[in-house]
Amino acid sequence: LDQSLPPTMIAVGVILAILAAALGTISKQLIAASEHKKKAWMFHLGAGLNIAVGPVVDASAYMYAPQVIVAPLACLDVILNAISAPVVLRWQDEKLTPAHVAGVLLVTAGAVGTSVFAQATDHVYTACELEEQLFMRPTSLAYLGFELVV
């Protein structure tokens, strides 16, 4: 059963994924700043965002858009941190080097390319189809055998 998702639903999922990445960056920078400024409330706010709020927003993104579109956007956390850390965490002497810029550009190109050219349909599997995928394919059986042996 293939279902095409309306573009507005996909847009909501993308926005939630971007928000989750931004929350991840903000939370990690709050934790770093709390150590420098010796403010416990900054640590607790950052940890709360990182442990509770960010993952809920991230998981919510998967309700609205297919995994193949949302998952590549998780790298935005790294991109946003690389760009904002030199400004926000300047006391740590963070520098945005040419290697960082090149890395950010490559990661951005990969994430955008993966999301833009992804197949935007969801396939809802029946229980029988899942069992067949998990337990009847030779690759699945080989993996299961490897896991049991090791």
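Rules behind the numbers
Sequence order as written defines the numbering, with residues in each chain counted from 1. Thresholds applied to this predicted model are a pLDDT of at least 70 for local features of residues and 80 or more for the giving and counting of side-chain atom pairs; totals over whole chains, interfaces and linings are not thresholded and use all residues. With hydrogens and water excluded, all non-hydrogen atoms of the structure serve as input to the side-chain values. For the purposes of this entry, the term helix denotes a DSSP run of H or I that reaches at least four residues, the term strand denotes a run of E that reaches at least two, and both are numbered from the N terminus. Only the C-alpha atoms count toward the radius of gyration. The rule for a globule is 2.2 Å times the residue count to the power 0.38. Exposure is judged per residue with a 1.4 Å probe applied to protein chains only, and the accessible area is read against the type maximum: over 50% gives exposed, under 20% gives buried, and values in between give partly exposed. The patches described consist of residues with a relative accessible area above 30% and no salt bridge, like charges being joined within 9 Å and nonpolar side chains (Val, Leu, Ile, Met, Phe, Trp, Tyr) within 5 Å. Here the Shrake-Rupley method, with its probe set to 1.4 Å, supplies the accessible areas, and only the displayed protein chains count as covering residues. Every case where a carboxyl oxygen of Asp or Glu lies within 4 Å of a side-chain nitrogen of Lys or Arg is listed as a salt bridge. Between two residues, a contact is recorded if the distance between any of their heavy atoms is within 4.5 Å. In this scheme, a helix's expected span is set at 1.5 Å multiplied by one less than its residue total. An arc is given here, and it is the one of the directions from the helix axis to the C-beta atoms. Axis geometry follows a simple rule: fit a line to the C-alpha atoms, using only the stretch in contact for helices, then measure angles between N-to-C directions, giving values from 0 to 180 degrees. Reported orientations rely on four angle classes, namely roughly parallel under 35 degrees, roughly antiparallel over 145, roughly perpendicular from 65 to 115, and oblique for the rest. What makes a crossing left-handed is the near helix being turned counterclockwise from the far one by less than a right angle; a clockwise turn instead makes it right-handed. Only Asp, Glu, Lys and Arg are considered charged in this grouping, and only Ala, Val, Leu, Ile, Met, Phe, Trp, Tyr, Cys and Pro are considered nonpolar; every other residue, Gly among them, is considered polar.

Asks: For the overall build of the protein chain, give the residues involved together with the corresponding values.
Replies: When helices and strands are tallied, the protein chain shows 7 helices and 2 strands. Across the protein chain, helices and strands are ordered from the amino to the carboxyl terminus as β-α-α-α-α-α-β-α-α. Taken against the 2.2 N^0.38 rule, which gives 15 Å for 150 residues, the C-alpha radius of gyration of the protein chain at 20 Å runs more than 25% over that of a compact globule. Across its three principal directions, the C-alpha atoms of the protein chain cover 55 × 45 × 35 Å. For the protein chain, the proportion of its 150 residues judged to be buried stands at 25%.

Asks: How would you summarise a nonpolar patch on the surface if you had to cite specific residues and measurements?
Replies: Residues Y125, L130, L134, F135 and M136 make up a contiguous nonpolar surface patch of roughly 540 Å² in combined accessible area. Position of L134 relative to the elements: it lies in helix α6 (residues 127–135). Judged by its relative accessible area of 52%, L134 falls in the exposed class.

Asks: For the side chain of Q29, give the residues involved together with the corresponding values.
Replies: With respect to the helices and strands, Q29 occurs in helix α1 (residues 7–37). If we skip the residues at most four places from it in the chain, Q29 touches N81, S84, A85, V88 and L89.

Asks: Which residues make up helix α5 (residues 98–116), and what values go with them?
Replies: The first and last C-alpha atoms of α5 sit 26 Å apart over 19 residues, in line with the 27 Å expected at 1.5 Å per residue. Within α5, the full set of buried residues consists of V104, A111 and S115. Projected onto a plane normal to the axis of α5, the buried residues spread over an arc of 40° and lie on a single side. Seen from the buried face of α5, the exposed residues on the opposite side, beyond 90 degrees, are P98, A99, L105, L106, A109 and V116.

Asks: Account for the packing of helix α4 (residues 76–88) against α5, with residues named and values stated.
Replies: Contact pair α4 / α5: the axes reach a minimum separation of 10 Å and the direction vectors enclose 150°. Here α4 is positioned roughly antiparallel relative to α5, judged by the angle of their axes. Where α4 crosses over α5, the two elements pack in a sense that is left-handed. Here I79, A82 and I83 of α4 lie close against α5, whose contacting residues are V104, V107 and T108. Its residues assigned to classes, the contact of α4 with α5 shows 5 nonpolar, 1 polar and no charged.

Asks: So what's going on with the packing of α1 against α4? Which residues, and what values?
Replies: Following both chains from N to C, one finds α1 and α4 inclined at 40°, their axes separated by 9 Å at the closest point. Classified by the angle their axes make, α1 and α4 are oblique. α4 is crossed by α1, and the crossing has right-handed handedness. Only L76, D77, L80, N81, S84, A85 and V88 of α4 make contact with α1, whose side of the interface consists of I18, A21, A22, G24, T25, K28 and Q29.

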